[in-house]
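A look at the structure
These are the residues of each chain, in order.
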Amino acid sequence: MSMKLPFFRKKRAAAIEDITLENPPNHVAIIMDGNGRWAKKRGLPRIAGHKEGMDVVKNIVTVANKYNVKILTLYAFSTENWKRPKAEVDFLLRLPKEFLHVYLPEMMENNVRIETIGEFDVLPNHTKAAIQYAKEKTSNNDGLLLNFALNYGSRFEILRAIKQMMTDIDESKFSVDELDEQLFSNYLYTNGLTDPDLLIRTSGEQRLSNFLLWQLAYTEFWFTDVLWPDFNEEIFRQSLLDYQQRKRRYGGI
Ligand code: V0D
């Protein structure tokens, strides 16, 4: 004869994971800053900070999933990052493959779909191949969308959209009169995605650095001095709680 389980269940302190959010942001975008500084503080090379930051990505995906976030857009590599020393750029561009080698099985188990925004085609072949495989492998997952901004720059994205749009107008696919915000946003990399509800930037800097300029028009911004490798569930949860508290009026009354 089986005993009823609740009879044996011990009371315990409420753990973070017991508390669900009433109003989670649908789409969270993060500028993962402070990896180099984290390493410097420890007397380590910058790449050690990037590696540590990669493991934090996996943790934060798990937490986002838990709190019912539907889209997580992470600024992993900007068009400006090419200016860094070659050795650092090479190291960075090997991280996608490394991440996927270690964590793709877990992403599959958690029903995560992987996508990218940015100029994908000009990335090195080894980077593209690893990511392309992951995109295809996860394409039928309908859980969290893990969206990496790779070789991404917002002004370039907007100019690219205008050029493609003008070509389509030339080809009479639509007329200038029909152009509105919705139609324009279809030409951005983020076509089909809702705009971010919450933008997080770590490491104390308070600027956008050419990230999602169009898409962040109504987004709540949340800044922290915590360096990306130190970012964890507690601090992420705090950002989500702060987000809930803010009243969002979209410029109305
Ligand atoms: C370094 C902190 C995961 C920011 C996080 C190529 C800078 C760790 C990826 C990744 C980077 C990208 C695509 C993908 C799977 C994983 C990644 C880059 C940098 C730049 F499909 N972390 N990560 N990509 N860092």
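First, a word on scope: everything that follows refers to the structure included in this document. All of these numbers come straight from a predicted model, not from anything done at the bench.

Under the counting rule described, the total for this entry stands at 14 salt bridges. Among the salt bridges present, the one from Glu-115 reaches Lys-135, with a minimum N-O distance of 4.0 Å. Separated by 20 residues along the polypeptide, Glu-115 in strand E3 (residues 113-117) and Lys-135 in helix H6 (residues 125-137) bring together distant segments of the chain.

Taken N-terminus to C-terminus, the directions of helix H3 (residues 46-66) and helix H5 (residues 95-109) make an angle of 25°; their axes are 11 Å apart at the nearest point. What the angle tells us is that H3 and H5 run roughly parallel. Seen from above, H3 lies across H5 with right-handed handedness. Packed against H3, whose contacting residues are His-50, Lys-51, Met-54, Asp-55, Val-57, Lys-58, Val-61 and Thr-62, the element H5 presents Leu-95, Glu-98, Phe-99, Tyr-103, Glu-106 and Met-107 at the interface. Grouping the constituent residues of the contact of H3 with H5 by class yields 7 nonpolar, 2 polar and 5 charged.

Attention now moves to the packing of aromatic side chains. The tally for this structure, following the rule as stated, stands at 12 aromatic pairs. When the ring of Trp-228 is compared with that of Phe-231, the centres are 5.0 Å apart and the planes differ by 20°; the resulting orientation is stacked. For Trp-228, a relative accessible area of 1% puts it in the buried group. Residue class for Phe-231 comes out buried when judged on its relative accessible area of 3%. Grouped by ring-pair contacts, the aromatic residues Tyr-75, Tyr-152, Tyr-189 and Phe-211 constitute a single cluster.

Val-28, Ile-30, Leu-72, Met-107, Ile-114, Leu-146 and Phe-236 are the most contacted members of the largest nonpolar core, which totals 45 residues. Per-element accounting of this core gives the leading share, 7 residues, to H3. By size, the runner-up hydrophobic cluster in this structure holds 11 residues, among which are Ala-149, Tyr-189, Leu-199 and Leu-216.

Right, let's get into unusual backbone geometry. Despite not being glycine, Asn-111 shows a phi value in the positive range, around 65°. One can find Asn-111 in the loop between H5 and E3. With a phi close to 50°, Leu-212 is a non-glycine residue in the positive phi region. By the secondary structure assignment, Leu-212 is in the loop between strand E5 (198-201) and strand E6 (220-223).

Rules and cut-offs
- Residues numbered from 1 in each chain as written.
- Predicted model: local features only at pLDDT ≥ 70, side-chain atom pairs only at ≥ 80, totals over all residues.
- Heavy atoms only, no water.
- Salt bridge = Lys/Arg side-chain N within 4 Å of Asp/Glu carboxyl O.
- Helix = DSSP H or I, 4+ residues; strand = E, 2+ residues; numbered from the N terminus.
- Axes fitted to C-alpha atoms, helices over the stretch in contact; angles between N-to-C directions.
- Parallel < 35°, antiparallel > 145°, perpendicular 65-115°, else oblique.
- Left-handed = near helix turned anticlockwise from the far one by under 90°.
- Contact = heavy atoms within 4.5 Å.
- Nonpolar A, V, L, I, M, F, W, Y, C, P; charged D, E, K, R; others polar.
- Phe/Tyr/Trp six-rings, centres within 6.5 Å; stacked < 30°, edge-to-face > 60°.
- Buried < 20%, exposed > 50% of the residue type's maximum accessible area, 1.4 Å probe, protein only.
- Core = buried A, V, L, I, M, F, W, Y, C linked by side-chain atoms within 4.5 Å.

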